[in-house]
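Structure at a glance
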Amino acid sequence: MGQRGEPRRVQAYDGELGAAVARAQEGDETAFAVAYRFVQPGLLGYLRGLVGDDAEDVAADAWLEIARDLRRFKGDGAGFRGWTATIARHRALDLLRRQKVRPRSTALEQDVLDLPGPHSTDGQALEALSTEAALTLVAELPRDQAEAVLLRVVVGLDGPSAARVLGKRPGAVRTATYRGLKRLARQLGADGVTDDGPGTLGEST
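Criteria and thresholds
Residues numbered from 1 in each chain as written. Predicted model: local features only at pLDDT ≥ 70, side-chain atom pairs only at ≥ 80, totals over all residues. Heavy atoms only, no water. Helix = DSSP H or I, 4+ residues; strand = E, 2+ residues; numbered from the N terminus. Expected span 1.5 Å × (residues − 1). Buried < 20%, exposed > 50% of the residue type's maximum accessible area, 1.4 Å probe, protein only. Axes fitted to C-alpha atoms, helices over the stretch in contact; angles between N-to-C directions. Left-handed = near helix turned anticlockwise from the far one by under 90°. Contact = heavy atoms within 4.5 Å. Nonpolar A, V, L, I, M, F, W, Y, C, P; charged D, E, K, R; others polar.

Our next topic: helix α9 (residues 170-187). In this model, α9 (18 residues) spans 26 Å end to end at C-alpha, consistent with the 26 Å of a helix rising 1.5 Å per residue. Most of α9 sits out of view: 13 of its 18 residues are buried. Downstream of α9 by one or two residues, Gly189 has phi in the positive range, about 80 degrees.

Take the packing of helix α4 (residues 77-99) against helix α7 (residues 143-155) next. Between α4 and α7, the shortest axis-to-axis distance is 12 Å and the interhelical angle comes to 145 degrees. Viewed along their axes, α4 and α7 form a crossing whose handedness is right-handed. On α7, the residues touching Arg81, Ala85, Arg89, Leu93 and Leu96 of α4 are Arg143, Glu147, Leu151 and Val155. Tallied by class, residues from the contact of α4 with α7 come to five nonpolar, no polar and four charged.

Moving on: the packing of helix α2 (residues 29-51) against α4. With their axes 10 Å apart at the nearest point, α2 and α4 run at an angle of 35 degrees to one another. You can see that α2 and α4 cross each other, and the crossing is right-handed. Only Phe80, Arg81, Thr84, Ala85, Ala88, Arg89, Ala92, Leu95 and Leu96 of α4 make contact with α2, whose side of the interface consists of Ala35, Val39, Leu43, Tyr46, Leu47, Leu50 and Val51. The residue makeup of the contact of α2 with α4, split by class, is 13 nonpolar, one polar and two charged.

Following this line, the structure appears as C-alpha cells:
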C-alpha cells in the first residue's frame, strides 16, 4: 500500500498511464486502449458501488465522453484517473436522477469537520476489497463512505483528487474513508480495528 492508503500498483502505473494518455491525445488508438486497460477496472468497481448492475452501461457512456473530450484533458496519469472518475460519476448521477433513485444516505450532500484521521484501518481492509463480495459490502455503506472508499481504494485517487471528484473538502473525504473502511474491516473480520477515529459533524454513522 502506498502513501495515504493509495495502492502501490496504481501509483506504479501512473507514469505509464500518463505517457499513454499523451500519445492517445495525438491520435494513437493503441495508446488509448492502453489507458483504457489501466483505468477501466477501477472505474467499473467505482460505478458498481453507485449504480450496481448498470455499471457497465454507465462506464460505456463515460468512455464515449472521455474519448470525445480527450484532447482537452491536461494533466498526468493520476490526474487522468481523477478526470475519468469525475465524468463517470456525472453519468452515474444522471442515471440515478432519471431512475429517481434516492441516495443511500443524505450525508453525501453534507459536510464534516476538516479533521485528520488515522490510516491504520486502511491496511486492514484494503486487500479484501478486490473481491466481488467486498464490492457488494462497499455498496451497502452510507453513500458518502462508499464513494470515498471506492475513489481512494478502487480507483486509487489520493485525498485531494477524490475530494475534487466529490466536490468536498479533503478532510471530509478522509473521514468518510476512515469510517467506511472501519465498517468494512469489521464485516470482513479484520482484527485489531479500534473505534478511535476522527470525530465528525453532519455525517451518518
